[in-house]
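# Coordinate inspection notes
Chain residues, written in single-letter form:
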Amino acid sequence: MVIPDILRYFRGSLKVKVQGLKIESFFNMSVAHGISFWNVERISMTEARFNISIKGYKLLKKVLKKTGCQVSIIDKYGFPFFMLKLKRRKMLGIGFAIFLTIVIGMSSFVWSVKIIGARQISIREIEKNLSELGVKPGAFKLNLPVADIENNMLIKMEGLSWIKVKLVGTRAEVEVKERVVMPEIVPDDKPCDVIAKRDGIIIKIVSSKGDPVVKQSDTVRKGQVLVTGVIKRPDLEDRYVHAAAESLARTWYEQSCAIPFQSVEKIRTGRKLSKIYIKIGSKKIQIKNCNISYKSYDKIEKSTKLIDTASFQLPLDIIIEEYHETANKIRTITAEEAKIEASNKVEKSIMENIPSDAKIINKKVNVSIKENAAYAVGLIETIEDIGVQQEIIINGEV
Amino acid sequence: MGVENFKERFAEIAELPKDIVMDSPKVTIIGNIQLSIENHRGLIEYGRDKIRVNTSIGIYKITGQDLIIKSISIEEIVMTGRIDNIDISC
């Protein structure tokens, strides 16, 4: 019954009242003319109500004359009448059209740019370059040459190895892959030395090419040559080779830090005030104001988008500024606590500097207490390969 | 009746629907709430509790309560309401 109903809706139908003495014959004659009715209700001997299509209603005239019945329209349904109503109420139609254009118009702009995958390169720098190429909030979406932008970005930003600009609704999603900076490797055909990249005590040195100049248990300084690429033999001309070696050395990392027993901390008193704004584009409209009477406070700005689905966003934000009153409080910790804290902190900061391929062999943290603070000195010993290749420059030539 | 008899037998032998061959009405009833008559020859009487429909074989009289003609066209009459009684008078 659904499809006939839809058809009826688009053709339009009428609810009609028929009055007369020969209602049955009115129906019979109409039916014989090919007119159909539905929902026929007998109200009384001389009256019936029924639904009829617009087309059928127009054909009724002849039958009415013959049977002496009279009809009057009670109600009108369907799309043709809706259009008629709309014609009469022009502003409604115009409003609807404006609404549609606004929705379609607004959704054909880029309203936010999201950058995924940036680690070393700052997001701000990527954003700046993107906006120079046209990907920025407010850009018209339909004529963005995405492929060109991607290419130009790769040319502009050296640090990127791959970029993908995707337009998802009103958001531009920019996915980037950074170029991993290659360690400087001396080409195989160029002569080079192996030098130390940090201080250490050599544990093992195995050269596959070149002559080692240091022995096991030698102490080396940063920059010192470990394996030379210049091979000197008596009775032979000097040869230059591409030196390569595994040079394991014991190295150490040292750091210190201090934790005072007393420190000043900001603590919220629990009292707060708030201001509310609506942000349209870049304009802020204040809705709720208040006087901030606190001497010191934390200001927290929360911004929520009014419409924020994964693919559709509008530049309408509600901004709530919260002012939390704060008071200074002195935090006192015991000497024991300070000691633990200091040693943890020192160890953590040293660990950050140790390369991942280094093997830790010894960890030592000394904590002492002087005056009002705990001092920690941490020393971590590791074994790592400290050799780096460095090109030999022969007589000024490379 | 000879012609009618022949038509009936022909329909039976040829396994054709009798309502088409014999031009007779086909009545479908759903429970006691809906009744449709195909192949009718017009309304004779229509009231809330009584509907009479003319057909090729005679008059169908349907009595019931709150009878409404759901739709009427040249092929079919569909009526709904509470049907109490169907009377066929040939």
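Our subject in this report is the structure included herewith.

### Regarding the pairing of strand 21 (residues 316-332) of chain A
Within a regular beta strand, the side chains point alternately toward one face of the sheet and then the other, so they alternate between its two faces. Across 16 bridges, the pairing between strand 18 (residues 262-280) of chain A and strand 21 of chain A is antiparallel. Note that in strand 21 of chain A the partner of A:Gln262 across the bridge is A:Thr332.

### Concerning the nonpolar core
By size, the foremost hydrophobic cluster in this structure holds 33 residues, and its most contacted members are A:Phe26, A:Phe27, A:Phe37, A:Phe50, B:Leu43 and B:Ile72. Sorting elements by how many residues they give to this core places strand 5 (residues 59-72) of chain B first, with five residues. A:Phe37 has contacts with A:Phe26, A:Phe27, A:Ser30, A:Val31, A:Phe50, A:Asn51, A:Ile52, A:Leu60, B:Lys70, B:Ser71 and B:Ile72, leaving out every residue within four places of it along the chain. With 17 residues, the next largest nonpolar core counts A:Val110, A:Met157, A:Ile163 and A:Val174 among its residues.

### Considerations on the sheet that holds strand 23 (residues 373-385) of chain A
Residues and elements named next belong to chain A. Read from one edge of the open sheet, five strands run 13-11-17-23-22, paired in antiparallel fashion. Where the open sheet ends on each side, the last strands, each with one partner, are strand 13 (219-220) and strand 22 (359-370). Strands strand 17 (244-260), strand 22 and strand 23 of the sheet are contacted by helix 8 (residues 335-353), whose axis makes an angle of about 150 degrees with strand 17.

### Re the interface of chain B and chain A
Facing the 15 residues of chain B at the interface are 14 residues of chain A. Taken over both partners, the interface formed by chain B and chain A buries close to 1300 Å², and the fraction arising from carbon and sulfur atoms is 56%. The tally of links between chain B and chain A comes to zero salt bridges. On inspection of chain B and its partner chain A, the count reaches ten residue pairs in polar contact (both at pLDDT 80 or more). Secondary structure elements with two or more residues in the side of chain B that touches chain A: strand 3 (43-46) and strand 5 of chain B. Considering each element in turn, the side of chain B that touches chain A owes the most residues, five residues, to strand 5 of chain B. Each residue belonging to the side of chain B that touches chain A can be placed in one class, and the counts come to seven nonpolar, five polar and three charged.

### So, the environment of A:Ala258
All names here are of chain A. Position of Ala-258 relative to the elements: it lies in strand 17. Residues Ala-258 and Ala-374, spaced 116 residues apart in sequence, show a C-alpha to C-alpha distance of 5.5 Å. Ala-258 has contacts with Ala-374 and Tyr-375, leaving out every residue within four places of it along the chain.

### Things to note about a positive patch on the surface
A contiguous patch of positive charge on the surface is contributed by A:Lys76, A:Lys85, A:Arg88 and A:Arg89. Inspection of the secondary structure puts A:Lys85 in helix 4 (residues 79-88).

### Regarding the side chain of A:Thr228
All names here are of chain A. Tracing the backbone through its elements, the reader meets Thr-228 in strand 14 (residues 225-228). Given the relative accessible area of 15%, Thr-228 is considered buried. In this structure the side chain of Thr-228 is engaged in a polar contact, spanning 3.5 Å, whose partner is the side chain of Asp-193. Every residue in contact with Thr-228, bar those within four places of it in the chain, is listed here: Cys-192, Asp-193, Gly-210, Asp-211, Val-213 and Ala-243.

What counts, and at which threshold
- Residues numbered from 1 in each chain as written.
- Chains lettered and ligands numbered in written order.
- Predicted model: local features only at pLDDT ≥ 70, side-chain atom pairs only at ≥ 80, totals over all residues.
- Heavy atoms only, no water.
- Pairing = 2+ DSSP bridges.
- Helix = DSSP H or I, 4+ residues; strand = E, 2+ residues; numbered from the N terminus.
- Core = buried A, V, L, I, M, F, W, Y, C linked by side-chain atoms within 4.5 Å.
- Buried < 20%, exposed > 50% of the residue type's maximum accessible area, 1.4 Å probe, protein only.
- Contact = heavy atoms within 4.5 Å.
- Axes fitted to C-alpha atoms, helices over the stretch in contact; angles between N-to-C directions.
- Buried area = accessible area lost by both parts, 1.4 Å probe.
- Salt bridge = Lys/Arg side-chain N within 4 Å of Asp/Glu carboxyl O.
- Polar contact = N/O pair within 3.5 Å; in protein donor to acceptor, adjacent residues only side chain to side chain.
- Nonpolar A, V, L, I, M, F, W, Y, C, P; charged D, E, K, R; others polar.
- Patch = residues over 30% accessible without salt bridge, like charges linked within 9 Å, V, L, I, M, F, W, Y side chains within 5 Å.
- Areas by Shrake-Rupley, 256 points an atom, 1.4 Å probe, with all protein chains shown as cover.
- Lys, Arg positive; Asp, Glu negative; His and termini not counted.
- Charge placed at Lys NZ, Arg CZ, Asp CG, Glu CD.

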